[in-house]
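Listed here are the chains, written in short residue letters.
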Amino acid sequence: MNRVLVVDDEPQIRRALRTSLEAHGYEVQTVGTGEEAVIGAAETAPELMLLDLGLPDLDGTEVIRRVRGFTEMPIIVLSVRDGQHDKVAALDAGADDYVTKPFAMEELLARARAAMRRAQPGEPPAPSMRYGSLEIDLGRRLVTLDGDALRLTPTEYLLLEALVTNPGKLLTHQWLLRKVWGQGYGTETTYLRTYVRALRKKLGDDAQAPQLIVTEPGVGYRWIAEGSGAES
Amino acid sequence: MVVSEEREAEVSAKVTVRGIVIGVLAPAIATVVAYPIAPSRPEISIAVFMLAVVIAAVAGGLWSGLIAGILASTIRPLVVVDPQLTFRLDSVEDIATGVVFLSVALVVGLLVGQASEDRARASRREREARFLGTLSSTLHTREVPDRVLDEFASVLMEPFALSKVEIDATLDGTDMRAVARANGEAAAGGPRTSVRLLAGDAPIGTLVAERPAGGRPFSRDDQLLLEAAARQATAALDRARLDARARNAQLDAETNQLRAAMFSSVTHDLRTPLASIKAGVTSLLDSAVHHDPGQERELLTTILEETDRLNRLVGNLLDLARIRAGALTPTRQPGAMDEIVEVVLARMRSRLADHVVTADLPATLPDVSVDPVQLDQVLTNLLENAGRHAPKGSEIGVSVLWMHGAVQVRVSDEGPGIPLDERDRVFEAFYRGSSSPETPGSGLGLAISKAVVVAHGGRIWIEDNPDGGCVVAFEIPGEDDKP
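Residues numbered from 1 in each chain as written. Chains lettered and ligands numbered in written order. Predicted model: local features only at pLDDT ≥ 70, side-chain atom pairs only at ≥ 80, totals over all residues.

(A) Region of the structure containing the overall build of chain A. When helices and strands are counted, chain A shows eight helices and 13 strands. When burial is assessed residue by residue, chain A has 33% of its 232 residues classed as buried. Long-range pairs, those at least 24 residues apart, make up 57% of the contacts in chain A between residues at least 6 apart in sequence. (Helix = DSSP H or I, 4+ residues; strand = E, 2+ residues; numbered from the N terminus. Buried ≥ 20, exposed ≤ 12 C-beta atoms within 10 Å, placed from the backbone. Contact = placed C-beta atoms within 7 Å.)

(B) Representation of helix α9 (residues 372-389) of chain B. Between its terminal C-alpha atoms α9 of chain B stretches 26 Å, which fits the 26 Å expected from 18 residues at 1.5 Å a residue. Buried residues dominate α9 of chain B, accounting for 15 of its 18 residues. (Expected span 1.5 Å × (residues − 1).)

(C) How the structure looks around the nonpolar core. Core analysis: the largest hydrophobic core is formed by 53 residues, its most contacted members being M49, L50, L51, I75, I76, V77 and L163 of chain A. Mapping this core onto the domain boundaries places at least three of its residues in each of domain 1 (3-119) and domain 2 (128-229) of chain A. Ignoring any residue separated from it by four or fewer positions in sequence, one finds M49 of chain A in contact with L5, V7, A41, V67, M73 and I75 of chain A. Membership of the second largest hydrophobic core comes to 42 residues, among which are A336, M348, L375 and A447 of chain B. (Core = buried A, V, L, I, M, F, W, Y, C linked by C-beta atoms within 7 Å. Domains from an automatic or database assignment.)

(D) Main features of the sheet that holds strand β12 (residues 220-223) of chain A. Residues and elements named next belong to chain A. In spatial order, the strands read β10-β12-β11; together these three strands make up an open sheet with antiparallel pairing. Two strands bound the open sheet, and with one partner strand each, they are β10 (170-172) and β11 (213-216). Ignoring which end each strand starts from, the neighbouring axes of this sheet average 30° apart. Where β10 meets β12, three bridges bridge the pair, whose relative direction is antiparallel. In the sheet register, T172 faces β12, and the bridge partner there is G220. Packed on one face of the sheet, helix α7 (residues 173-180) meets β10 and β12 and runs near 75° to β10. (Pairing = 2+ DSSP bridges. Axes fitted to C-alpha atoms, helices over the stretch in contact; angles between N-to-C directions.)

(E) A look at the sheet that holds strand β3 (residues 192-199) of chain B. Residue and element names in this part refer to chain B. Spatially, four strands are ordered β2-β1-β4-β3 in an open sheet, and the strand pairing comes out antiparallel. Each having just a single partner strand, β2 (174-181) and β3 make up the two edges of the open sheet. Going across the sheet, the axis of each strand differs from the next one's by a mean of 15°, ignoring polarity. Relative to the sheet, helix α5 (residues 145-157) contacts β1 (164-171), β2 and β4 (202-210), its axis offset from that of β2 by approximately 25°.

(F) Layout of the environment of R196 of chain B. Residue and element names in this part refer to chain B. Among the structural elements, R196 can be located in strand β3. Separated by 10 residues in the primary sequence, R196 and T206 place their C-alpha atoms 4.5 Å from one another. Non-local contacts of R196, meaning those with residues more than four positions away in its chain, are made with P203 and T206.

(G) Expanded view of the confidence of the model for chain B. All names here are of chain B. In the predicted model, chain B carries a mean pLDDT of 81, and the fraction of residues at 70 or more is 89%. Low pLDDT, under 50, characterises residues 4-12; the predicted model gives this stretch 21 contacts beyond four residues in sequence or across chains. The ipTM for the predicted assembly is 0.77, set against a pTM of 0.58. (pLDDT = per-residue confidence, 0-100.)

(H) Fine view of the interface of chain A and chain B. Taken together, the 15 residues of chain A in the interface contact 20 residues of chain B. Of all the elements in the fold, those that place two or more residues in the side of chain A that touches chain B are α4 (84-93) and α8 (189-203) of chain A. Among the residues making up the side of chain A that touches chain B, the classes are represented as five nonpolar, seven polar and three charged. (Nonpolar A, V, L, I, M, F, W, Y, C, P; charged D, E, K, R; others polar.)

(I) Molecular detail of the environment of A207 of chain A. Looking at where A207 of chain A falls in the secondary structure, it is placed in the loop between α8 and β11. According to the C-beta neighbour criterion, A207 of chain A is buried, with 21 such atoms within 10 Å. The sequence separation of A207 of chain A and R197 of chain A amounts to 10 residues, and the corresponding C-alpha distance is 8.6 Å. If sequence neighbours within four positions are ignored, A207 of chain A has contacts with R200 and T215 of chain A together with E342 of chain B.

(J) Spotlight on the packing of helix α7 (residues 293-324) of chain B against helix α10 (residues 445-455) of chain B. Residue and element names in this part refer to chain B. Closest axis-to-axis distance for the α7/α10 pair is 10 Å, and the angle between their directions is 45°. It follows that α7 is oblique to α10 by the angle criterion. Handedness of the crossing formed by α7 with α10: left-handed. Contact with α7, carried on its side by N316, D319, L320 and I323, involves G445, A447, I448 and A451 of α10 and no other residues of that element. Tallied by class, residues from the contact of α7 with α10 come to five nonpolar, two polar and one charged. (Parallel < 35°, antiparallel > 145°, perpendicular 65-115°, else oblique. Left-handed = near helix turned anticlockwise from the far one by under 90°.)

(K) Quick peek at the packing of helix α2 (residues 42-60) of chain B against helix α4 (residues 92-140) of chain B. Residues and elements named next belong to chain B. Viewed as axis vectors pointing N to C, α2 and α4 meet at an angle of 30°, and their least axial separation amounts to 8 Å. Classified by the angle between their axes, α2 and α4 sit roughly parallel to one another. For the pair α2 and α4, the sense of crossing is right-handed. Each of I46, F49, M50, V53, V54, A57 and V58 in α2 lies in contact with α4, whose residues at this interface are T97, F101, V104, A105, V108, G109 and V112. Here the residues of the contact of α2 with α4 are counted per class, giving 12 nonpolar, two polar and no charged.

Right under this line is the structure:
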């Protein structure tokens, strides 16, 4: 059974999350402070942490930093709408994802499942993945749409690779820039946007009804398509 | 401008160098003129001397006339009587002529003096009236009592040739003080005078005026004029005080009105979803009632929708509170407006499912510095409004264009439109259009949108939609436009 550590100073939220998560078969531990969160993460080694950023004692980002000192377990941040800065800071500090309060339970559960799946050591990702009519073969660096090979620039390919190898994960601008362009980058969001746009166009994804890449304005991008291993 | 000046009034009363010169010069010229004609026409030469005396009295005043009279009556016999230049003052005729000359000088001199004094007084009165008039209009444009006093103090300086003015007054229990000083510290210790400020008969303060050391002492006229000016100042003070009170009252009334509107709106808009939620939940919790799965789902859907509505309203109220507190500061970062439009459209797709949504986005668009969360909120508000007011099946269009160094976003609908005279008011908080008073909505969306757009240095406005309905457009200046 998966253990989840819920960190929130509001007892009502703790109760609601405990009830809903237990109904979905999770084992739930709830704490109300950042100190307790760090201790709980160390002692019970849960598979997932749901972390509210507005804690009475420690800054949420600080909690993430401390927890990241000893574990790579997925952390999903629960934040309010306006905390864009906090969200980005939390993600850059090592959080895996965020959900904005008030959230729908199904959304939270989907994010939680995706985060835990990514964290599974499991088998290495299939070298070739199929997303509807789109097929991406990372081993051969080949991308085909409806059977036709797409001509991607090296940067476009690296960007696509970064996205598909982190399915469901919210990748911040900074993370993507460093991953694709190199360590010296981090603020050149215009590059990123230009390439995401070009990539979307080549992959046939509509930003107004995205099936592959979702934009999180001011934060980053997320690959949302569920792939299936394809025969290569 | 010097308001009160005594020099002109003193012309006839005092002996001046000018008076002496005229008094001497006039008979001298008369002598030169009369000398050649005197032996043959003595009566004309007498007339010439008489003329000299009159001219001297008119031009130089009383003393000038008298000097001329004495000289003329002394010289005349020397010139007129044969043999010329023989001094002789024995004839009754000479003495009589002298008396006549002096009498004429006296009468004319006094008359002229009187006239010039009258003239000086009239022109002084005119200047005083003009000064008081200007003072009154200057002071009455000041809206705050403090400003009235400051203005009053400084306005007195030049006309009265003062070096310093100090005013102390107490109005409605508030002590006020105004001090004006001449440019360049003049030597202190000059003539001083003080005037009381009276409101009706009650003294409310004191004005102390000081001239530079060695300055002219304050005359009775100065004193009277200062008192008149002080009366003007107290009147202006009184009016400014009443104005301020009226303004405060109006502000209070507006605030109260807004507060009342806010309370009624918030009470209604918060309670309605809460009522639905509570009704739904208590119904579901009631063990005595059995709901079939369809009813249960319907109740739960209602609860979900009402929760979302409540969430949006609370978000709007928080934004409004931030605007009021001046805390709506955008966290700006370079961003593409079309990207925000795409995200909002993707999210709003299901909520606008009853309408035909079209988007017209340019292939390329320069970056603008924006707060993506706040701009997302603006677009969401505009699209929600369009969806709320436009009939089902009608078209809602979103277009983005780059114009004059700014990105412009336009949301058009085919709803009832907004009358011209309401196009400013719809951006006020809690204002609901007259055409749709019953449409749900907090009346906050446009107010918040405006505040956000303005905080980004942009503007927002309403146009007619050529296809019927209206267009709400806003623009945010691009990076290059900023100084």
